[in-house]
Amino acid sequence: MRMNIVCIPGDGIGPEIVAQANRVLDRVAVKYGHEIERRDILMGGASIDVHGVPLTDEAVAQAKAADAVLMGSIGGDANTSPWYQLPPEKRPEAGLLRIRKELKLFANLRPAYLYQELAGACPLKEEISSAGFDMLIMRELTGGLYFGERHTTVENGVRRAVDTLTYDENEIRRIAVKAFDVARKRRGKVTSVDKANVLDSSRLWRSVVNEVAKAYPDVELSHMLVDNCAMQLVKDPAQFDVILTENMFGDILSDEASMVTGSIGMLSSASLNDTKFGLYEPSHGSAPDIAGRDIANPIATVLSAAMMLRYTFDLDREADAVEQAVRQVLKEGWRTADIMSEGCRLVGCRRMGELLAERI
Ligand code: NAD
């Protein structure tokens, strides 16, 4: 297969971790007979330094022409970086908001997987963490409370603020279809999370998800109220496979799910539109505090590249090989500083990338 990939190394540790993900992808291409066409674009602070804006029209056009985008991370230290003296629409994060909009990304996927080798970092009790967990939060990204009408008024000297939570059935249907498709590539289970005992938007959500489910008789669907889900994530995370939910609930639950893994440098993510196109990036930021020192953990970015193989290119065997390489390297005791523990062997970002590539 020929893969046309645009890379956004970005700022901080971004270039270091993307280089290692590319090293692993190159090894996959050699081993399984694929061809990678790759080009870099600038975004965030790196683009501000060269072009004066966080994302150029030309960079957007190049991203749109690719099959997928692999990103490091963007942004700097808000207290010391000159990028944050600029007006908000010129700051690094504005580039990220624009590219998500231009690429029409509406589905955000964040896996939370507990590696038994890293279970010591999991904040849950051992009797819970020993069961392990392997879930994926599918969050709607472009609707709901964050994009509804809002205003603040003053009536008779009393300030009043209103936000609105709106979804139409098409917005719900397209993300539900993604969730069922993704579940088919995993353990075939979808838990749809809502607040249908209170909210009209959740009742519509539930009914549209039930309609979509009819086309997926092989996928098991259940519904859960969001407050219960927040509890179940810390009480019995092993029960979940794909959690499907709206924007704000997903924002909160995906952070909770990441925290229970305990290791920020291990968390991948993907954002998809209604084609096979996706933007793949680690869940963490640009870590300016450790940039340029070859100590960042590249695994979240490597696992994001594995998601790209699986969801954009349907190369499940190759994605499995990358995920297996991560498990193997951890089992052998290799660790970057952020996940280091007694008795393990400390390596830098580049060496970790080499070890992973060697195990493909
Ligand atoms: P961060 O995730 O960059 O860092 C938080 C802590 O985790 C730091 O101590 C950092 O050293 C550590 N860390 C993060 N990733 C690591 C890795 N791969 N290996 C080892 N340690 C790692 O969050 P922050 O400090 O709040 O933000 C820094 C910058 O990143 C800000 O400009 C922020 O806006 C930006 N940011 C960007 C994105 C994105 O591009 N999608 C997401 C989040 C934050």
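Small disclaimer: the values here were computed from a predicted structure and weren't measured.

K.L.:
What is the right way to look at the pattern of salt bridges in this model?
P.N.:
Two side chains carrying opposite charge are able to pair once their charged atoms lie near each other. The final tally for this structure, using the stated rule, is 32 salt bridges. In this structure, E354 and R350 form a salt bridge, with 3.3 Å as the shortest nitrogen-oxygen distance. Note that E354 and R350 are positioned in helix α12 (residues 349–358) at a spacing of 4 residues, about one turn of the helix. We classify R350 as partly exposed; its relative accessible area is 45%. A salt bridge links E358 to R351; its shortest N-O distance comes to 3.5 Å. Judged by its relative accessible area of 33%, R351 is partly exposed. In this structure, a network of salt bridges that share partners links the residues E332, R350, R351, E354, E358 and R359.

K.L.:
For this particular structure, what's the right way to read unusual backbone geometry?
P.N.:
With the exception of glycine, the majority of residues adopt a negative phi angle, and the majority of peptide bonds are in the trans configuration. Even without glycine at this site, A287 takes up a positive phi of about 40°. In this structure, A287 sits in the loop between β12 (278–282) and α10 (299–311). Here D314, not a glycine, exhibits a phi torsion of approximately 55°, which is positive. For D314, the location among the structural elements is in the loop between α10 and α11 (316–331).

K.L.:
What is the right way to look at the pairing of strand β10 (residues 242–245) in this model?
P.N.:
The two faces of the sheet receive side chains in turn, since in a regular strand these alternate between them. Across the two faces of β10 the burial is the same, with V242 and L244 and I243 and T245 all buried. With 4 bridges connecting them, strand β5 (residues 134–140) and β10 associate as parallel partners. Paired with R139 across the strands is T245, a residue of β10.

K.L.:
Please clarify how the sheet that holds strand β2 (residues 35–40) should be interpreted in this entry.
P.N.:
Across a sheet, paired strands are connected by hydrogen bonds in the backbone, their directions being either parallel or antiparallel. Read across the sheet, 10 strands follow the order β2-β1-β3-β12-β11-β4-β5-β10-β8-β9 without closing on themselves; strand pairing throughout is mixed. Among the strands making up the open sheet, the edge pair consists of β2 and β9 (220–225). When the angles between neighbouring strand axes are averaged without regard to direction, this sheet yields 25°. With 5 bridges joining them, strand β11 (residues 268–272) and β12 adopt antiparallel strand pairing. Each residue of the ladder has a partner; that of A270, found in β12, is Y280. Contacting β1 (2–10), β3 (68–73), β4 (107–113), β5, β11 and β12, α10 runs over the sheet at an angle of about 160° to β12.

K.L.:
What is the right way to read the state of the cysteines from this model?
P.N.:
Cysteine pairs can be covalently joined through their sulfur atoms, and such a bond is termed a disulfide. Per the counting criterion, the structure on display carries 0 disulfides. As a non-bridged cysteine, C7 has C349 as the owner of its nearest cysteine sulfur, 14 Å distant.

K.L.:
What is the right way to look at the site of the ligand in this model?
P.N.:
Taken together, 21 residues surround the ligand, and among them G76, E93, G285, A287 and N297 come closest. E281 places a side-chain nitrogen or oxygen 3.1 Å from a nitrogen atom of the ligand. Protein coverage of the free-state accessible area of the ligand, which is 810 Å², stands at 68%. Those elements giving two or more residues to the shell around the ligand turn out to be β3 and α4 (92–102). Among the residues making up the shell around the ligand, the classes are represented as 10 nonpolar, 7 polar and 4 charged.

Basis of the calculations
- Residues numbered from 1 in each chain as written.
- Predicted model: local features only at pLDDT ≥ 70, side-chain atom pairs only at ≥ 80, totals over all residues.
- Heavy atoms only, no water.
- Salt bridge = Lys/Arg side-chain N within 4 Å of Asp/Glu carboxyl O.
- Helix = DSSP H or I, 4+ residues; strand = E, 2+ residues; numbered from the N terminus.
- Buried < 20%, exposed > 50% of the residue type's maximum accessible area, 1.4 Å probe, protein only.
- Pairing = 2+ DSSP bridges.
- Axes fitted to C-alpha atoms, helices over the stretch in contact; angles between N-to-C directions.
- Contact = heavy atoms within 4.5 Å.
- Disulfide = S-S within 2.5 Å.
- Near = heavy atom within 4 Å.
- Polar contact = N/O pair within 3.5 Å; in protein donor to acceptor, adjacent residues only side chain to side chain.
- Areas by Shrake-Rupley, 256 points an atom, 1.4 Å probe, with all protein chains shown as cover.
- Nonpolar A, V, L, I, M, F, W, Y, C, P; charged D, E, K, R; others polar.

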